[in-house]
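# Remarks on the overall topology
So the chains spell out like this:
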Amino acid sequence: MKLELDDNARSGFHYLVLGVAIVGALALLNMCLDLAFPGLGPQGAFSHGYAIADDGHATITALTTRAERMMTALLLAFLLALITAIVLLPVWRALNGNPRWRFLAAKAVFVLGLGYWGYAAIALPPRQFVGNRDGMFILWERDVLVNDLPWPREKRILLIPFHTVRSTEVTAEKERGNLLIQLDLLSGEPVIIGRSGAVTVSDTSVYTYAEQRAANIRSMMTAP
């Protein structure tokens with residue numbers, strides 16, 4: 001007896017197989033990226049899994065790991081595809097269309113969504129300190145949708161003049177067990193330019209790295 005599936009069942013089975021394959025591919029990609037990009041700080045403590053080269057002063061502010069972002073990217077792409085299929089359902093019924101095209105459209109949306117948010121999980125941090133120019137510190141910021149994944153829009157460039165900065169400090173964020181590199185402005189407002197992953201009290205290497213990075217940033221203000 002031959003088992004026959006209707007279009008909806010076949011599409012669901014295809015999505016299941018595709019999901020398993022993508023999860024496996026993401027896990028393999030995650031391992032390869034760990035080997036290719038050691039990251040910022042000891043064990044990549046300050047890079048959060050982003051593929052950002054260490055130029056001596058770059059820092060990243062994020063709250064998630066690469067694996068968390070990649071799984072969120074997969075979920076967002078699936079939800080976007082599901083919404084597309086639901087929205088197109090009454091249109092296809094009104095036009096007496098072939099449901100196959102509705103699922104093809106949903107798959108296309110899935111691939112596009114996964115492509116963008118997958119790339120964002122690896123290369124588009126929510127905040128990145130990129131250096132200085134003309135007496136100003138330069139930060140790139142992106143509006144976050146969820147789990148540090150940004151909306152598909154242009155980044156903002158935040159400029160902080162040297163003369164508005166009182167000091168550069170390394171502080172501990174006790175709630176999360178992280179270290180923060182921040183600019184303390186004369187207005188009293190702190191601007192976080194780097195956040196580490198969770199660190200233990202006994203691991204002094206991350207704190208040493210943070211202090212060195214903060215010292216590099218201070219030297220920018222006094223360089224001729």
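Before going into details, it helps to say that this report is about the structure given with it. (Residues numbered from 1 in each chain as written. Predicted model: local features only at pLDDT ≥ 70, side-chain atom pairs only at ≥ 80, totals over all residues. Heavy atoms only, no water.)

## Some remarks on the overall build of the chain
To keep things clear, this is the line we draw: Put simply, DSSP H or I for four residues or longer makes a helix, DSSP E for two residues or longer makes a strand, and each gets a number counted from the N terminus. Exposed residues in this analysis have more than 50% of their type's maximum accessible area, buried residues have under 20%, and partly exposed residues fall in between, with area computed by a 1.4 Å probe over protein chains only. In what follows, residue pairs with any heavy atoms lying within 4.5 Å of each other are defined as contacts. Surface accessibility follows the Shrake-Rupley procedure with a 1.4 Å probe radius. Residue values consider only the protein chains on display as shielding.
Scanning the chain for helices and strands turns up four helices and nine strands. Of the regular secondary structure in the chain, the N- to C-terminal order runs α-β-α-α-β-β-β-β-β-β-β-β-α. Within the chain, the fraction of its 224 residues that count as buried is 39%. Within the chain, contacts between residues at least 6 apart in sequence are counted, and of these 55% link residues at least 24 apart. In the form shown here, the chain has an accessible surface area of approximately 12900 Å², with 64% of it arising from carbon and sulfur atoms.

## Concerning the sheet that holds strand β6 (residues 156–161)
Operational definition: By this definition, two strands are paired if DSSP reports at least two bridges between them. Fitting a line to C-alpha atoms yields each axis, with helices limited to the stretch in contact; the angle taken between N-to-C directions then spans 0 to 180 degrees.
Pairing in this open sheet of four strands is antiparallel, and the strands run β1-β2-β3-β6 from one edge to the other. The two strands at the open ends of the sheet, each matched to only one other strand, are β1 (59–61) and β6. Averaged over all adjacent pairs, the angle separating strand axes in this sheet is 30°, with direction ignored.

## A short note on the nonpolar core
The tendency in soluble globular proteins is for nonpolar side chains to be buried side by side. Put simply, the rule is: Residues belong to a common nonpolar core when they are buried Ala, Val, Leu, Ile, Met, Phe, Trp, Tyr or Cys residues joined through side-chain atoms within 4.5 Å.
One finds F46, F137, I160, I181, L183 and I193 to be the most contacted residues of the largest nonpolar core, which totals 26 residues. The set of elements that each furnish at least two residues to this core consists of β3 (136–141), β7 (165–173), β8 (178–185), β9 (190–195) and α4 (204–222). Looking at which element gives the most residues to this core, the answer is α4, with six residues. Setting aside residues up to four positions removed in sequence, L183 forms contacts with F137, I160, V165, S167, T168, E189, P190, V191, I193 and I217. Among the nonpolar cores identified, the runner-up in size contains eight residues, and M70, A73, L76 and W117 belong to it.

## Focus: the packing of aromatic side chains
What counts here: Each Phe, Tyr or Trp ring (for Trp, its six-membered ring) is paired with any other whose centre lies within 6.5 Å, and the angle between the two planes then decides the class: stacked below 30 degrees, edge-to-face above 60, tilted in between. In our convention, an over-ring charge means Lys NZ or Arg CZ found within 6 Å of a ring centre and within 35 degrees of that ring's normal.
Tallied over the entire structure, the rule returns four aromatic pairs. Ring geometry for F46 against Y209: centres 5.6 Å apart, planes inclined by 35°, an arrangement best described as tilted. In this pair, F46 is assigned in the loop between α1 (7–36) and β1 and Y209 in helix α4, connecting sequence segments 163 residues apart. There is no split in this pair, since F46 and Y209 are both buried. Ring geometry for F137 against F162: centres 4.7 Å apart, planes inclined by 55°, an arrangement best described as tilted. Placement of the pair is F137 in strand β3 and F162 in the loop between β6 and β7, with a sequence separation of 25 residues. Taken together, the ring pairs connect F129, F137 and F162 into an aromatic cluster. Sitting over the face of the ring of Y50, R69 holds its NZ or CZ atom 3.8 Å from the ring centroid.

## A look at the side chain of S196
Counted only if it meets this: The definition of a polar contact used here is a pair of N or O atoms within 3.5 Å, where within protein one atom must be able to donate a hydrogen and the other to accept one, and adjacent residues in sequence count solely through side-chain atom pairs.
Structurally, S196 is set in the loop between β9 and α4. We classify S196 as buried; its relative accessible area is 0%. Of the polar contacts made by the side chain of S196, one reaches the backbone nitrogen of L179; its length is 2.9 Å. Beyond its immediate sequence surroundings of up to four residues, S196 is in contact with A45, F46, H48, N178, L179 and V206.

Just geometry here; none of it tells us what the structure is for.
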